[in-house]
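A closer look at the structure
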Amino acid sequence: PASAQFTTAGARLCHFSDVPVALILGQYERVPVSLVVFKQSELTHFPQAKRRLESGDPIVCSRTGRYQFAARLVGDHVVCVIGEAPRPQLEELLKTVAKSS
């Protein structure tokens, strides 16, 4: 994320159920957040998000318990942000992620 309000606390390359992902831990406006980045082809593991993103929704959001989840397509990758923050706050953070050149 390019937002000045985002600070990184660490990053790792890892696997979730054999899916390679980049995991970035940080804070956005003093709220802990996790960013997960994976290839768009792996959206098959998330059929509802896949349908919504492919139908043109720029950002897909959902809530599980106290955590908000927001996802966006950036190039051929999916960027997800998870945090205990209001949906608009997570959407704004996602909007600052640019496609790498």
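Conventions and cut-offs
Residues numbered from 1 in each chain as written. Predicted model: local features only at pLDDT ≥ 70, side-chain atom pairs only at ≥ 80, totals over all residues. Heavy atoms only, no water. Core = buried A, V, L, I, M, F, W, Y, C linked by side-chain atoms within 4.5 Å. Buried < 20%, exposed > 50% of the residue type's maximum accessible area, 1.4 Å probe, protein only. Helix = DSSP H or I, 4+ residues; strand = E, 2+ residues; numbered from the N terminus. Contact = heavy atoms within 4.5 Å. pLDDT = per-residue confidence, 0-100. Polar contact = N/O pair within 3.5 Å; in protein donor to acceptor, adjacent residues only side chain to side chain.

**Looking at the nonpolar core**
- The biggest cluster of nonpolar side chains holds 16 residues, and the ones touching the most others in it are V33, L35, A70, V81 and L93.
- Put simply, the parts of the chain that give this core at least two residues each are β3 (31-39), β5 (67-74), β6 (77-83) and α2 (87-95).
- When sequence neighbours within four positions are dropped, the list of residues in contact with L93 reads P1, S3, F6, Y28, V33, L35 and V81.
- In terms of nonpolar packing, the next biggest core, distinct from the first, is built from eleven residues, V19, L53, V60 and A71 among them.

**Examining the confidence of the model for the protein chain**
- With 99% of its residues at a pLDDT of at least 70, the protein chain reaches an overall mean of 91.
- The element-level mean pLDDT for the protein chain is lowest in strand β1 (residues 6-16), coming to 90, with β6 highest at 95.

**Here's the deal with the side chain of R72**
- Among the structural elements, R72 can be located in strand β5.
- A polar contact is formed between the side chain of R72 and the backbone oxygen of V97, at a distance of 2.7 Å.
- Ignoring sequence-local partners within four residues, the contact set of R72 consists of L53, P58, I59, H77, V78, V79, L94, K95 and V97.

**Remarks on unusual backbone geometry**
- Of note in this structure, E29 is not a glycine but carries a positive phi near 50°.
- Within the chain, R30 stands out as a residue other than glycine whose phi angle is a positive 65°.
- Structurally, the position occupied by R30 is in the loop between β2 (19-28) and β3.
- Classification of R30 by relative accessible area gives exposed; the value is 77%.

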